[in-house]
Amino acid sequence: MAYDLVIRNARVIDGSGMPSFHGDVGVTGGKIVDTGKLTGVARRTIDAGGRVLAPGFIDNHCHFDAQVTWDPLATFSCYHGSTTVINGNCSLALAPVRRGDEYTLASMLARVEAIPMETLQAGIDWRWESLSDYFDVLDQRLGVNVGSLIGHSPVRRYVMGEASQDRAPTPEELEGMKVVIRESMAAGALGLSFNRNPGHFDLEGRILPSALATTEEILALAATLGEIGTGILQSGASGPLEVEEGLCSALAEISGRPVVYNQIRHR
């Protein structure tokens, strides 16, 4: 068999859970088509002797939301073998966004993730409103795979405006958030993320919109994924009541979806 590429003499870890083996990997048309001791000819051959050849790793908790818009490789994550990064964690994301709110979303990301605001302002070309628009921008120039959760904070801000950092939503606003979540999931989002850390603020010292949410609000939004029947939930840094309230169990029960629970207990 002829190949476009053969990588020879590698320690191959194929991702199946089986033990590694020393051998070759054949690639044709950009896809792996054969493994083992290959004898076919190849247009290009790489000798990987002494090296490990493995599937790319998934970096499942990232905040490359801004960086991937100007750095298609999501460095330095790719330098460690990651070929997929997952953004939108801890309720932080850059979409959806209304015109005039760009600074506010960048400010949240800058403060919580210690990213210089000057870098975000210089690097982000805000060419989107919805999460679907954001994905379209990324699709134009990427060197890694990028998945994204829906950040509760920008969704709350998108629907409620300035009030998102002051009060609970009205029933109409809660329904508006559910609409945004459904649209974002249809566009390809992986799920929904929350953050109720009372110590997370934007650069103006205002608490994150998600941190103001009651348990009732969070469960109502989580139930939306249950209605859709897909996606995961990610609960980021949180407060002490979440342990006592059993929020993780409640999220799983009401949504029927997997829950990634990054518990940081604050007092």
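Just above sits the structure.
The structure presented is a predicted model; accordingly, all values stated were derived computationally and were not measured.

Draft legend 1. Inspection of the side chain of Thr215 at higher detail. Here Thr215 lies in helix H6 (residues 215-228). Judged by relative accessible area, Thr215 falls into the buried class, the value being 14%.

Draft legend 2. Structural context of the pattern of salt bridges. Applying the stated criterion across every chain yields a total of 12 salt bridges. Put simply, Arg43 and Asp4 hold a salt bridge, and the shortest N to O gap is 3.3 Å. Of this pair, Arg43 sits in strand S4 (residues 42-47) while Asp4 sits in strand S1 (residues 3-12), and the two are 39 residues apart along the sequence. A salt bridge links Lys178 to Glu175, with the nearest nitrogen and oxygen atoms 3.3 Å apart.

Draft legend 3. Just the sheet that holds strand S11 (residues 232-235), in detail. Ordered in space as S9-S10-S11-S12, the 4 strands form an open sheet in which the pairing is parallel. Where the open sheet ends on each side, the last strands, each with one partner, are strand S9 (150-151) and strand S12 (259-261). Against the sheet, helix H8 (residues 247-255) touches strand S10 (191-194), S11 and S12, its axis set at about 165° to S12.

Draft legend 4. Representation of the sheet that holds strand S8 (residues 145-148). With parallel pairing, 3 strands are arranged side by side in an open sheet as S6-S7-S8. Whereas interior strands pair on both sides, the edge strands pair on one side only; in this sheet they are strand S6 (57-59) and S8. Sheet twist, expressed as the average angle between the axes of neighbouring strands with direction ignored, equals 20°. Bridge analysis of strand S7 (residues 82-87) against S8 gives 4 bridges, and the strand direction is parallel. Among the inter-strand pairings, Asn87 is bridged to a residue of S8, identified as Ser148.

Draft legend 5. Examining the nonpolar core more closely. Counting residues in hydrophobic clusters, the biggest one holds 52 residues, and the most contacted among them are Leu120, Trp128, Tyr134, Ile150, Leu192 and Leu251. At the level of elements, helix H1 (102-113), helix H2 (117-123), helix H3 (131-139), helix H4 (152-160), helix H5 (171-186), S10, H6 and H8 are the ones that each hand at least two residues to this core. With sequence-adjacent residues up to four places away left out, Leu251 is seen in contact with Phe194, Ile218, Leu219, Ala222, Leu233, Ser235, Gly256 and Val259. Leu5, Val25, Val27 and Ala48 belong to the second-largest nonpolar core, a separate cluster that totals 7 residues.

Draft legend 6. Quick peek at the side chain of Ser193. Within the secondary structure, Ser193 sits in strand S10. What Ser193 contacts, discounting residues up to four positions off in sequence, is Gly88, Asn89, Cys90, Ser91, Leu92, Leu149, Ile150, Gly151, His152 and Gln234.

Draft legend 7. Representation of the state of the cysteines. Throughout the structure, instances matching the rule amount to 0 disulfides. Between Cys62, a cysteine without a disulfide, and Cys90, which holds the nearest cysteine sulfur, the sulfur-to-sulfur distance is 11 Å. Judged by its relative accessible area of 9%, Cys90 is buried.

Draft legend 8. Structural detail: the packing of aromatic side chains. Applying the stated rule across the entire model yields 4 aromatic pairs. Centroid distance Trp126 to Trp128: 5.4 Å. Interplanar angle 45°. Geometry classified as tilted. Between Trp128 and Tyr134, the aromatic rings sit 5.0 Å apart at their centres with planes inclined by 75°, giving edge-to-face as the arrangement. The class of Tyr134 is buried, set by a relative accessible area of 3%. A network of ring pairs unites the aromatic residues Trp126, Trp128, Tyr134 and Phe135 as a single cluster.

Procedures and definitions
Residues numbered from 1 in each chain as written. Predicted model: local features only at pLDDT ≥ 70, side-chain atom pairs only at ≥ 80, totals over all residues. Heavy atoms only, no water. Helix = DSSP H or I, 4+ residues; strand = E, 2+ residues; numbered from the N terminus. Buried < 20%, exposed > 50% of the residue type's maximum accessible area, 1.4 Å probe, protein only. Salt bridge = Lys/Arg side-chain N within 4 Å of Asp/Glu carboxyl O. Pairing = 2+ DSSP bridges. Contact = heavy atoms within 4.5 Å. Axes fitted to C-alpha atoms, helices over the stretch in contact; angles between N-to-C directions. Core = buried A, V, L, I, M, F, W, Y, C linked by side-chain atoms within 4.5 Å. Disulfide = S-S within 2.5 Å. Phe/Tyr/Trp six-rings, centres within 6.5 Å; stacked < 30°, edge-to-face > 60°.

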